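# Summary of structural features
Listed below, chain by chain, are the residues.
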Amino acid sequence: MEWLIARPTVIGIAVAGGVFSLAAMLLKNKPGRAKLVWRLNMTSYLLMGASMLLFIVAGLRVNA
């Protein structure tokens, strides 16, 4: 469980979310890619949200 809230893991999840967001942004003007762009956006929001949650959990565990 400790590896999940470790700094490199949290940063890696956030970077992965950023990569998915960048891919969605680059593909948004391509015709016929609307569903793929939507999935990429949702995945990026999920990953970035998870990284924020893990960051908060890690901060609370250190101070507890």
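The preceding data block contains the structure.
Computed from a predicted structure; not experimentally measured.

Calculation notes
Residues numbered from 1 in each chain as written. Predicted model: local features only at pLDDT ≥ 70, side-chain atom pairs only at ≥ 80, totals over all residues. Heavy atoms only, no water. Salt bridge = Lys/Arg side-chain N within 4 Å of Asp/Glu carboxyl O. Helix = DSSP H or I, 4+ residues; strand = E, 2+ residues; numbered from the N terminus. Core = buried A, V, L, I, M, F, W, Y, C linked by side-chain atoms within 4.5 Å. Buried < 20%, exposed > 50% of the residue type's maximum accessible area, 1.4 Å probe, protein only. Contact = heavy atoms within 4.5 Å. Expected span 1.5 Å × (residues − 1). Arc of directions from axis to C-beta.

### What about the pattern of salt bridges?
What the rule picks out here adds up to one salt bridge. The salt bridge partner of Glu2 is Arg61, with a shortest N-O separation of 2.6 Å. Here Glu2 is found in the segment before helix H1 (7-27), whereas its partner Arg61 is found in helix H2 (residues 34-63), with 59 residues between them in sequence.

### Here's the deal with the nonpolar core
If you look at the biggest cluster of nonpolar residues, it comprises five residues: Ile5, Val10, Ile13, Leu54 and Ala58. Put simply, the parts of the chain that give this core at least two residues each are H1 and H2. If we ignore the near neighbours within four places in the chain, the residues touching Val10 are Leu4, Ile5, Ser51, Leu54 and Phe55.

### As for H2
When the terminal C-alpha atoms of H2 are compared, their 44 Å separation across 30 residues agrees well with the 44 Å that a helix rising 1.5 Å per residue should span. Turning to H2, its buried residues number three or more, namely Val37, Leu40, Ser44, Ser51, Leu54 and Ala58. At its buried positions, H2 is contacted by H1.

### Thoughts on H1
Between its first and last C-alpha atoms H1 spans 30 Å; for 21 residues at 1.5 Å apiece the expected length is 30 Å, and the two agree. Of the positions making up H1, those classed as buried are Val10, Ile13, Gly17 and Ala24. Down the axis of H1, the buried side of the element spans an arc of 65°, and every buried residue falls inside it. When the buried face of H1 is taken as reference, the exposed residues oriented beyond 90 degrees from it are Arg7, Pro8, Val15, Val19 and Leu26. Taken together, the buried residues of H1 touch H2.

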